[in-house]
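# A closer look at the structure
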Amino acid sequence: MARVSRRVEELELAPGERVNEVVMASQLGISRGPLREAIRNGQQVLLDCVEADGTSGRHTIWPISMAGGMVRGHEPATSRLASFPLHRLTSVSVIDDEAEGP
């Protein structure tokens, strides 16, 4: 974020200017987002979230898709396909292990 702020401060980007996420990520040499990268690379992720009842939850999934405000993936703990609303996620961490996907 600091690099984007610097671009605004140095007038490379005008305040309020629309930013193309794909172009900006490429220019800065950064990821577009851990979930998108994990889906593309077939990586397992750890999701911290707020459950529907307001409690905190933690889920490990092999993400399959992200659309319509939801991330969907295989949850090994339950052997089911699970869906999580993006607005309920509090953190996403890619798990860097050598385990095979579903």
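For the structure, check the block above.
Keep in mind it's a predicted model, so treat the numbers as computed, not measured.

Under the definition given, this model contains 2 salt bridges. A salt bridge links Arg-40 to Glu-37, with the nearest nitrogen and oxygen atoms 2.6 Å apart. On the criterion of helical spacing, the pair formed by Arg-40 and Glu-37 is a turn pair, its members being 3 residues apart in helix α3 (residues 34–41). Among the residues examined, Glu-37 registers a relative accessible area of 18% and is labelled buried. Arg-58 is the salt-bridge partner of Asp-48, the closest N and O atoms lying 2.7 Å from each other. With Asp-48 in strand β1 (residues 45–50) and Arg-58 in strand β2 (residues 56–67), the pair connects residues that are 10 residues apart, well separated along the chain. Overall, the relative accessible area of 56% leaves Arg-58 in the exposed class.

What follows covers α3. Turning to α3, its buried residues are Leu-35, Glu-37 and Ala-38. Each buried residue of α3 sits inside an arc of 165° when the element is viewed along its axis, so together they form one side. Looking one or two residues past α3, Gly-42 carries a phi angle of roughly 65°, positive in sign.

The biggest cluster of nonpolar side chains holds 10 residues, and these are Leu-35, Ala-38, Val-45, Leu-47, Cys-49, Ile-61, Val-71, Ala-82, Phe-84 and Leu-89. Of all the elements in the fold, those that place two or more residues in this core are α3, β1 and β4 (80–85).

What counts and what doesn't
Residues numbered from 1 in each chain as written. Predicted model: local features only at pLDDT ≥ 70, side-chain atom pairs only at ≥ 80, totals over all residues. Heavy atoms only, no water. Salt bridge = Lys/Arg side-chain N within 4 Å of Asp/Glu carboxyl O. Helix = DSSP H or I, 4+ residues; strand = E, 2+ residues; numbered from the N terminus. Buried < 20%, exposed > 50% of the residue type's maximum accessible area, 1.4 Å probe, protein only. Arc of directions from axis to C-beta. Core = buried A, V, L, I, M, F, W, Y, C linked by side-chain atoms within 4.5 Å.

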